[in-house]
Amino acid sequence: MPATGPTAFIDRAAAALRLGGLVAFPTETVYGLGADALNPLAVAAVFALKGRPAHNPLIVHVTGPDMARQLAAEWPPWADTLARAFWPGPLTIVLPASPRVPHAVRAGGPTVALRAPAHPTAEALLAAFGGPLVGPSANPSGFVSPTTAEHVRAGFPDAVAHGDLLVLDGGPCRSGIESTVVAMTPDATLRVLRPGVIGPSELAAVLGLPADRVVFSLQHADAGAPASVCTPLASPGQLASHYAPRAPAVLVTRDQWPTLLASLPADRRRSVALLARGPWPESGAARQITLPDEPGGFAAGLYAALRELDALAPTLITIEAPPAPPPAGSPPAGTGSRDADLWRAIADRLARATSTQPRSRP
Ligand code: TXA
Ligand code: MG
């Protein structure tokens, strides 16, 4: 009798990957679009399905430091320290790549981005496949990342219907925003290329670096500029129009809200949507979603909420602005700084969700 249950799904998915197929899998951050990282044709299929620009490199998912070392040209002590502290978990480490890593994965650049995800399904899939998997977020390029299997299916209905994409359902993702991406410069400064769940205070503490040796490097990527650990680093996830819903979206404070509503013609006012941080009684918005006013809960619900509001095709999605960062030079200690770091990562995603031009609906 053929095996059924989760193990059978994982085995089937690993077999599909071995044949160069695509498998979407849950991680603790968002769902990834998995393919054999060492098979250039499978990697090409990922770029094609996502509509991802060829100059945007892919994250490679590994089981842990042992597999990661096979893909990097060097495995310096700082990388080992970070991997041991945060893997499996939402930290992506950029290192000089081994020649084994196909050019397409690194978008022609000299580096590779590595991460071991912390999710039982992702870990079981990597173990069953026995090798590294590319795993960009499983959404059409530039759109909001998926935090449920349903989001993935909605993004690629044809590929799913034709059996070209298997989707492993692991329920909603716990963290809800993508991993922190880091690289070290030759002068021993850790650059955060994409802020995420793991913040600069935690990274500095684990590495024993002074706080000013962990810096944000969030400049927008130039098309074709390879990411490198030697030059100012570009992380193409920092393209302005990433993580964006189709409806226009703006950040708004509670103080600004009445003015904003009053400035809209009556017919437009009726279809404004609102994503609030904590209770916001009688906003007057056509549709309101309230997320917890606490960064963990807010991040976990953010992408699903944006998708839900976007599906209503509102004239405008208004998003309550995240709390202002603490004043520079006086970082709060302990949990306070973790919360501030996570709000900063959320603010980064919100800036991108609200910086794009409205797009046409398919
Ligand atoms: O949480 C995550 O990281 C999710 C889950 C599925 O693991 N994956 C994800 O992948 O967000 P993706 O491809 O959507 O974002 C990868 C980010 C992009 O900002 C990309 O530019 C950057 O990592 N990246 C990939 N390779 C890089 C490299 N060699 N150097 C610098 N940045 C790189
Ligand atoms: Mg993405």
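Given the structure is predicted, the values throughout are model-derived calculations rather than measurements.

Engineer: Is there a simple way to think about the pairing of strand β1 (residues 22-25) in this case?
Structural biologist: Regular strands place side chains that alternate from one sheet face to the opposite one. Of the two faces of β1, the one lined by Leu22 and Ala24 and the one lined by Val23 and Phe25 are each fully buried. With 3 bridges connecting them, β1 and strand β7 (residues 165-167) associate as parallel partners. Looking across to β7, one finds that Ala24 is bridged to Val167. Sheet analysis places β1 next to strand β2 (residues 32-36), joined by 3 bridges and oriented antiparallel. Each bridged residue has a counterpart across the sheet, and for Phe25 the counterpart in β2 is Gly32. Here β1 folds back onto β2 in antiparallel fashion, the turn holding 6 residues.

Engineer: When you look at the sheet that holds strand β10 (residues 214-216) in this model, what are you seeing that I'm missing?
Structural biologist: The pairing of strands in a sheet happens through backbone hydrogen bonds and is either parallel or antiparallel. Strand order across the open sheet formed by 10 strands is β7-β1-β2-β6-β3-β5-β4-β8-β9-β10, with mixed pairing between neighbours. Taken across any chain shown, the strands that pair with only one partner, and hence form the sheet edges, are β7 and β10. Sitting on the sheet, helix α4 (residues 77-86) is in contact with β4 (91-96), β8 (180-184) and β9 (190-194), with an inclination near 160 degrees to β4.

Engineer: Could you clarify how one ought to interpret the sheet that holds strand β14 (residues 316-320) in this entry?
Structural biologist: As summarised here, the arrangement of the 4 strands in space is β11-β14-β12-β13, forming an open sheet in which the pairing is parallel. Both outer strands of the open sheet, β11 (249-252) and β13 (287-291), are each paired with one neighbouring strand and no more. Each neighbouring strand pair of the sheet contributes to a mean axis angle of 20 degrees, computed without reference to strand direction. In terms of strand pairing, β11 meets β14 through 4 bridges, oriented parallel.

Engineer: Help me understand the pattern of salt bridges, please; the structure alone is not making it clear to me.
Structural biologist: Two side chains that carry opposite charge are able to pair once their charged atoms sit near each other. In total, this model carries 11 salt bridges according to the counting rule given. Between Arg254 and Glu320 there is a salt bridge, and its shortest N-O distance comes to 2.9 Å. Highlighted residues: Arg254 in the loop between β11 and α10 (257-263) and Glu320 in strand β14, separated in sequence by 66 residues. For Arg254, a relative accessible area of 31% corresponds to the partly exposed category. A salt bridge links Arg277 to Glu320; its shortest N-O distance comes to 3.8 Å.

Engineer: Explanation requested: the confidence of the model for the protein chain in the structure shown.
Structural biologist: Note: predicted coordinates in regions of low pLDDT should not be interpreted at a detailed level. Per-residue confidence for the protein chain gives a mean pLDDT of 89, with 88% of residues at or over 70. Taken as a whole, residues 219-234 scores under 50 in pLDDT and shows 34 contacts with residues more than four places along the chain or in a different chain. Here residues 357-362 scores under 50 on pLDDT; set against residues more than four positions off or in separate chains, the count is 16 contacts.

Engineer: Just checking my understanding: could you explain the nonpolar core for this structure?
Structural biologist: Leu82, Trp87, Ile93 and Leu114 are the most contacted members of the largest nonpolar core, which totals 51 residues. With near-sequence residues (within four places) excluded, Leu82 lies in contact with Trp87, Leu91, Ile93, Val182, Leu190, Leu203, Val206 and Leu207. Among the nonpolar cores identified, the runner-up in size contains 25 residues, and Val30, Leu291, Leu302 and Tyr303 belong to it.

Engineer: I would appreciate a short explanation of helix α12 (residues 295-310) in the present structure.
Structural biologist: Spacing of three or four residues puts side chains on the same side of an α-helix, whose turn is 3.6 residues. Compared with an ideal rise of 1.5 Å per residue, which puts 16 residues at 22 Å, α12 spans 22 Å between its outermost C-alpha atoms and is within 8% of the ideal. In α12, a bend of some 45 degrees at Leu302 exceeds every other bend along the element. Taken together, the buried positions of α12 are occupied by Pro295, Phe298, Ala299, Gly301, Leu302, Tyr303, Ala305, Leu306, Arg307, Leu309 and Asp310. Capping the start of α12, Glu294 holds a side-chain oxygen 2.7 Å from the backbone nitrogen of Gly296, two or three residues further along.

Engineer: Quick question: what am I supposed to make of the side chain of Ser175 here?
Structural biologist: Looking at where Ser175 falls in the secondary structure, it is placed in the loop between β7 and β8. Not counting the four nearest positions on each side in its chain, Ser175 is found in contact with Glu28, Thr29, Val197, Ala299 and Ala300.

Engineer: Just to check I follow, could you spell out the environment of Gly176 for this structure?
Structural biologist: On the secondary structure map, Gly176 appears in the loop between β7 and β8. You can call Gly176 buried: its relative accessible area is 0%. Residues Gly176 and Ala300 lie 124 residues apart in sequence; the distance between their C-alpha atoms is 4.0 Å.

Engineer: Can you walk me through the packing of α4 against helix α9 (residues 200-207) in this structure?
Structural biologist: When two helices pack together, their arrangement is given by the angle between the helix axes and by the axis-to-axis distance. Relative orientation of the contacting elements α4 and α9 amounts to 120 degrees, with a least axis distance of 10 Å. Regarding α4 and α9, the two cross each other, and that crossing is right-handed. Taking contact as the criterion, the partners of Trp78, Thr81, Leu82, Ala85 and Phe86 in α4 are, on α9, Glu202, Leu203, Val206 and Leu207.

Engineer: Is there a simple way to explain the environment of Gly142 in this structure?
Structural biologist: Inspection of the secondary structure assignment puts Gly142 in the loop between β6 (133-134) and α7 (149-155). Accessibility expressed as a relative area gives 8% for Gly142, which makes it buried.

Basis of the calculations
All chains use their own residue numbering, which begins from 1 and follows the written sequence. Chains carry letters from A onward and ligands carry numbers from 1 onward, assigned in written order. Only residues with pLDDT of 70 or above have their local features reported here, since the model is predicted, and side-chain atom pairs are shown and tallied only from 80 upward, although totals for entire chains, interfaces and linings are computed over all residues. Based on all heavy atoms of the structure, the side-chain values leave hydrogens and waters out of the count. Accessible area is worked out with a 1.4 Å probe on protein chains only. A residue is then buried under 20% of its type maximum, exposed over 50%, and partly exposed in between. Only runs of H or I of at least four residues qualify as helices and only runs of E of at least two qualify as strands under DSSP, and these elements are numbered from the N terminus. Here, strands pair whenever DSSP counts at least two bridges between them. Whether two residues are in contact is decided by their heavy atoms: any pair within 4.5 Å suffices. Between the N-to-C directions of two axes lies an angle of 0 to 180 degrees, each axis being a line fitted to C-alpha atoms and, for a helix, fitted only over the stretch in contact. When a carboxyl oxygen of Asp or Glu is within 4 Å of a side-chain nitrogen of Lys or Arg, the pair counts as a salt bridge. Per residue, pLDDT measures the predictor's confidence, with a range of 0 to 100. In this description, a nonpolar core means a group of buried Ala, Val, Leu, Ile, Met, Phe, Trp, Tyr and Cys residues linked to one another through side-chain atoms lying within 4.5 Å. For a helix, the expected span equals 1.5 Å multiplied by the number of residues minus one. Note that bend, as reported per residue, equals the angle between axes fitted to the 7 residues terminating at that residue and the 7 residues originating from it. In the analysis that follows, any N or O atom pair within 3.5 Å is treated as a polar contact, provided that within protein one partner can donate a hydrogen and the other can accept it, and provided that, for residues neighboring in sequence, both atoms belong to side chains. Handedness of each helix crossing follows the sense of rotation of the near helix against the far helix: counterclockwise by less than a right angle gives left-handed, clockwise gives right-handed.

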